[in-house]
Amino acid sequence: MLRNINQPKLCNGTRLAVKRTMNNVIEATILQGKFKGEDVLIPRIPMIPTDLPFDCKRIQFPIRLAFAITINKSQGQTLQLCGIDLTYPCFGHGQLYVGCSRVGKPSLLYIYTPHENKTKNVVYQKALE
């Protein structure tokens, strides 16, 4: 979900499984949180970009197909299984911790790093003082 539509049920970052698509509505099931398993209807909404020198309005669904999410977007979520791709190393304090702590069991965490099975853990010492 890309927008807050019906807080706290449909918020930015809510993961959904699409059940059915229609011309103006998507039927989906919430995959996480307090409303897990609940079916919802997501309407097409007007999107008005503010970074263009002219006015335009598009009507589209506020969702994005995702097989992966960023470490920042995963913060606060619980995942059944987690794979972390460290082709590009973490660049901010705490990102590696957040990525690794999304699953309950270490056996359900998979980490890929092409750099001799090593990566940098960015730590700002000032933040720890």
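Participant: Mind showing me how you'd approach the overall build of the chain here?
Facilitator: Within the chain, the secondary structure is distributed over three helices and seven strands. In sequence order, the chain lays out its α and β elements as β-β-β-β-β-α-β-α-β-α. Dimensions along the principal axes, computed over C-alpha positions, put the chain at roughly 50 × 40 × 30 Å. In the chain, buried positions account for 26% of the 129 residues.

Participant: What am I meant to see in the pattern of salt bridges here?
Facilitator: Opposite charge on two side chains permits them to pair, given that their charged atoms come into close proximity. Counted under the stated rule, the structure contains four salt bridges. Through salt bridges with shared partners, one network takes in Lys19, Arg20, Glu27 and Asp39.

Participant: Even after reading the chapter, I still don't get the sheet that holds strand 3 (residues 39–43), so can you show me in this structure?
Facilitator: To summarise the sheet geometry, strands pair through backbone hydrogen bonds and adopt either a parallel or an antiparallel arrangement. Strand order across the open sheet formed by three strands is 1-2-3, with antiparallel pairing between neighbours. At either margin of the open sheet sits one strand with a lone partner, and together these are strand 1 (16–21) and strand 3. Ignoring strand direction, the axes of neighbouring strands in this sheet form an average angle of 35°. Examined bridge by bridge, strand 2 (residues 25–30) and strand 3 share five bridges and lie antiparallel to one another. Within strand 3, the residue paired with Thr29 across the bridge is Asp39.

Participant: How should the pairing of strand 7 (residues 109–112) be read in this particular structure?
Facilitator: On a regular strand, each side chain points to the face opposite its neighbour's, so the side chains alternate between the two faces of the sheet. Pairing analysis gives four bridges linking strand 6 (residues 82–85) to strand 7, with the strands arranged parallel. Residue pairing in the sheet places Gly83 in a bridge with Tyr110 of strand 7. The parallel pair strand 6 and strand 7, bridged by helix 2 (residues 95–100), forms a crossover whose chirality is right-handed.

Participant: Even after reading the chapter, I still don't get the nonpolar core, so can you show me in this structure?
Facilitator: Buried together is how nonpolar side chains tend to be arranged in soluble globular proteins. Ranked by size, the top nonpolar core spans eight residues in total: Leu79, Cys82, Ile84, Leu86, Cys90, Leu96, Val103 and Leu109. With sequence-adjacent residues up to four places away left out, Val103 is seen in contact with Leu79, Gln80, Leu81, Cys82, Leu108 and Leu109. Met1, Ala28, Ile30 and Ile42 belong to the second largest nonpolar core, which has seven residues in total.

Participant: How should I be thinking about the side chain of Gln95 in this particular structure?
Facilitator: With respect to the helices and strands, the residue Gln95 is situated in helix 2. Not counting chain neighbours up to four residues away, the residues in contact with Gln95 comprise Ile71, Asn72 and Cys90.

Participant: What should I look at first to understand the state of the cysteines in this one?
Facilitator: Here, the word disulfide means a covalent bond between the sulfur atoms of two cysteines. If you walk through the whole model with that rule in mind, you get zero disulfides. Just so you know, Cys82 is unpaired, no disulfide at all, and the nearest cysteine sulfur is the one on Cys100, 7.5 Å from it.

Participant: What am I meant to see in the confidence of the model for the chain here?
Facilitator: Note that predicted coordinates carrying low pLDDT should not be read in detail. Overall, the predicted model of the chain reaches an average pLDDT of 83, with 99% of residues at or above 70. Ranking the elements of the chain by mean pLDDT puts helix 1 (residues 71–74) last, at 71, and strand 2 first, at 93.

Participant: In this structure, what is going on with the side chain of Arg102? I would like to understand it.
Facilitator: Mapped onto the elements of the fold, Arg102 is located in the loop between helix 2 and strand 7. Put simply, Arg102 is tucked away with no salt bridge, and the nearest opposite charge, on Asp85, sits 17 Å away. A polar contact of 2.8 Å, which involves the side chain of Arg102, links it to the backbone oxygen of Val98. One polar contact links Arg102 to Ser101, side chain to side chain, over a distance of 2.8 Å. Setting aside residues no more than four positions away along its own chain, Arg102 makes contact with Ser74, Gln75, Gly76, Gln77, Thr78 and Leu79.

Cut-offs used in this document
- Residues numbered from 1 in each chain as written.
- Predicted model: local features only at pLDDT ≥ 70, side-chain atom pairs only at ≥ 80, totals over all residues.
- Heavy atoms only, no water.
- Helix = DSSP H or I, 4+ residues; strand = E, 2+ residues; numbered from the N terminus.
- Buried < 20%, exposed > 50% of the residue type's maximum accessible area, 1.4 Å probe, protein only.
- Salt bridge = Lys/Arg side-chain N within 4 Å of Asp/Glu carboxyl O.
- Pairing = 2+ DSSP bridges.
- Axes fitted to C-alpha atoms, helices over the stretch in contact; angles between N-to-C directions.
- Right-handed = clockwise from strand over helix to strand, strands pointing away.
- Core = buried A, V, L, I, M, F, W, Y, C linked by side-chain atoms within 4.5 Å.
- Contact = heavy atoms within 4.5 Å.
- Disulfide = S-S within 2.5 Å.
- pLDDT = per-residue confidence, 0-100.
- Lys, Arg positive; Asp, Glu negative; His and termini not counted.
- Polar contact = N/O pair within 3.5 Å; in protein donor to acceptor, adjacent residues only side chain to side chain.

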